[in-house]
Every structure is written in C-alpha cells, then in structure tokens.
Amino acid sequence: MISRARVLTLLAALWASACAARGHIATPAEVALLQVAPGLSASGQITLKGPGGRFGTKVVLGVARPDSLRIEIPDGGGLRFLLVCRNGTLRADLPRDGVVFEGPANREIMRQLFGIDLAPEALVGAILGASPEGFSVKWRFDRSNPTQVTIEGPDATRLSLTLDEPEIEAPPARAFEAGPIRGTRVSLEEMSERLGLRR
C-alpha cells in the first residue's frame, strides 16, 4: 500500500511538471497561426542549456519579421542587459557596466553571446513558427496563445523561452531602435565574458 506521504510527493511532482510545461504541444493550426503573425512580444523566462551547464533568467522579448529582435534581461529595479537587432545590425548593452558592443547580426555573434548557433533572423523565424535547417523547434500553446518555444541545435545546445501573456503582433518599430551609444565600446569577447550566458 502506498503511503499518504508518497502520494503527496507524487502529486507535488506532477504539479511541478505541469507548471514547468504549461499548455499542450502545438497543433498544426496553432503553428500556422504563428507563421502568419507579423511579430510577438512577451515577458517570461529564457533557459540556455549546453556543454557548460544550464542557465535561466527572466526576460522581456519582442520580435518582428523579418529580423527585428529585442531581448531585455532585468536585474532588480533596473536593466541588466539589452540586445537589439534590426536590418542586419546587432547592438548589445550592459547599462550598469557602462559597456556596449555593436556588430553584424549574424550567427557567429549570437553563438558567442548566447551559445546557440542561430542568426537573429533565424531565431525570429523559429519563435514565429519556422524550423531553421538543422534545428528542432517545439512549440506549446494554451488557450490559443503560445506559452513555450524550445529550440535544440545539432550539438544538443538548447534554448527555451517560456512566454507569459504573449501578444501576437509586432511591437512598435521604435522598440528595435538602439538609440545613441552610452558607454564604452568593447569587443565581442569581453561582452560575452561579462554577460556570462554562453553554455
């Protein structure tokens, strides 16, 4: 006979699993909804997993076709990190450190910063229902809204985005404007080391 404590433990584990994977695996119709969406914005959680371990943090995300990307990582009452990509240019800021990196929006730079070998345009496409060549992408939905996007590369590197209250529309164009540079320009290597996200 299973003890009451064992039952409660199993129920707690099932509840935690349900919370971690909210919603259901997206149907073809739900993925098609993403594929025609002009963009998406949401707050949530980003989790990176790779050979170097696992990392997770809160994030505010905005994407718009074809290649506009905005990632904010908050820190207490301020902003720890800001990434803005648009029209082939990438800008990464660490406001509290007073440093900035600017360069082309390509897969090499994204790999250095986040450890996943995807150009911003391909990441935008994956969030909006496309599967980049060589990558496995899975979407979860709940009540007609996307709740999670998981992207796994051929080297088993995985990026997962959990989305809270997403809006399936493109953010205003000004969301992807980098603005004037405030801080010291640094190399990609220094920005990657300071950021510390690559797994």
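If you're wondering where the values come from, they're calculated on a predicted model, not measured in any experiment.

Asks: Please provide a residue-by-residue account of the overall build of the protein, values included.
Replies: What the protein contains, in helices and strands, is five helices and eleven strands. Restricting the contact set of the protein to residue pairs at least 6 apart, pairs at least 24 apart contribute 52%. Surface accessibility of the protein: about 10600 Å² in total, with carbon and sulfur atoms responsible for 53%.

Asks: Describe the packing of helix α3 (residues 107-114) against helix α5 (residues 188-195), with residues and values.
Replies: Packing of α3 against α5 leaves a shortest axis separation of 8 Å and a crossing angle of 35 degrees. Contacts between α3 and α5 involve Ile109, Gln112 and Leu113 from the former and Leu188, Glu189, Met191, Ser192 and Leu195 from the latter. Looking at the contact of α3 with α5 residue by residue, the class counts come to five nonpolar, two polar and one charged.

Asks: Before we move on, could you go through the environment of Val124 and cite the residues and values that matter?
Replies: With respect to the helices, strands and loops of the structure, Val124 is situated in helix α4 (residues 120-127). Along the primary structure Val124 and Asp67 are separated by 57 residues, whereas in three dimensions their C-alpha atoms are 6.2 Å apart. Discounting chain neighbours no more than four positions away, the residues touching Val124 are Val63, Ala64, Arg65, Pro66, Asp67, Ser68 and Leu69.

Asks: Help me get a handle on the side chain of Thr57, residues and values and all.
Replies: In this fold, Thr57 is placed in strand β3 (residues 53-64). With residues up to four places along the chain from it excluded, the contact list for Thr57 reads Gly44, Gln45, Ile46 and Ile73.

Asks: Before we move on, could you go through α3 and cite the residues and values that matter?
Replies: Side chains that are three or four residues apart share a direction in an α-helix, a result of its 3.6 residues per turn. Residues of α3 that are buried: Ile109, Met110, Leu113 and Phe114. Each buried residue of α3 sits inside an arc of 105 degrees when the element is viewed along its axis, so together they form one side. Gly115 sits one or two residues past α3 and shows a positive phi near 80 degrees.

Asks: Explain the pattern of salt bridges to me, and be specific about the residues and the numbers.
Replies: As enumerated under the stated definition, the model contains eight salt bridges in all. We note a salt bridge from Asp75 to Arg96, for which the minimum N-O separation is 3.3 Å. Of the two residues, Asp75 is situated in strand β4 (residues 68-75) and Arg96 in the loop between β6 (89-94) and β7 (99-104); the sequence distance between them amounts to 21 residues. A salt bridge links Arg111 to Asp117, with the shortest nitrogen-to-oxygen separation between them at 2.9 Å.

Asks: Describe the pairing of β4, naming the residues involved and giving the relevant values.
Replies: It is a general feature of regular strands that their side chains alternate between the two faces of the sheet. Judged from the five bridges that link them, β3 and β4 form a sheet pairing that is antiparallel. Bridge assignment links Ala64 to a residue of β4, and that residue is Ser68. The pairing of β4 with strand β5 (residues 78-86) spans seven bridges and is antiparallel. Within β5, the residue paired with Asp75 across the bridge is Gly78. In this antiparallel pair of consecutive strands, β4 and β5, the connection spans two residues, and Gly76 shows a positive phi of 65 degrees.

Asks: Can you explain the environment of Gly62? Please cite residues and give values.
Replies: Relative to the elements of secondary structure, Gly62 occurs in strand β3. Counting along the chain gives 62 residues from Gly62 to Val124, while the straight-line C-alpha distance between them is 9.1 Å. Sequence-distant contacts of Gly62, defined by excluding residues within four places in its chain, comprise Leu40, Ser41, Ser68, Leu69, Arg70, Pro171 and Phe176.

Asks: Outline unusual backbone geometry, listing residues and values.
Replies: A cis amide bond, omega 0 degrees, links Arg65 with the succeeding residue Pro66. Position of Pro66 among the secondary structure elements: in the loop between β3 and β4. Phi is positive for Ala156, close to 70 degrees, though the residue is something other than glycine. Tracing the sequence through the fold places Ala156 in the loop between β9 (145-152) and β10 (158-167). The residue Glu165 is not glycine, and still its phi comes out positive at about 45 degrees. For Glu165, the position within the fold is in strand β10.

Definitions and limits used
- Residues numbered from 1 in each chain as written.
- Predicted model: local features only at pLDDT ≥ 70, side-chain atom pairs only at ≥ 80, totals over all residues.
- Heavy atoms only, no water.
- Helix = DSSP H or I, 4+ residues; strand = E, 2+ residues; numbered from the N terminus.
- Contact = heavy atoms within 4.5 Å.
- Areas by Shrake-Rupley, 256 points an atom, 1.4 Å probe, with all protein chains shown as cover.
- Axes fitted to C-alpha atoms, helices over the stretch in contact; angles between N-to-C directions.
- Nonpolar A, V, L, I, M, F, W, Y, C, P; charged D, E, K, R; others polar.
- Buried < 20%, exposed > 50% of the residue type's maximum accessible area, 1.4 Å probe, protein only.
- Arc of directions from axis to C-beta.
- Salt bridge = Lys/Arg side-chain N within 4 Å of Asp/Glu carboxyl O.
- Pairing = 2+ DSSP bridges.

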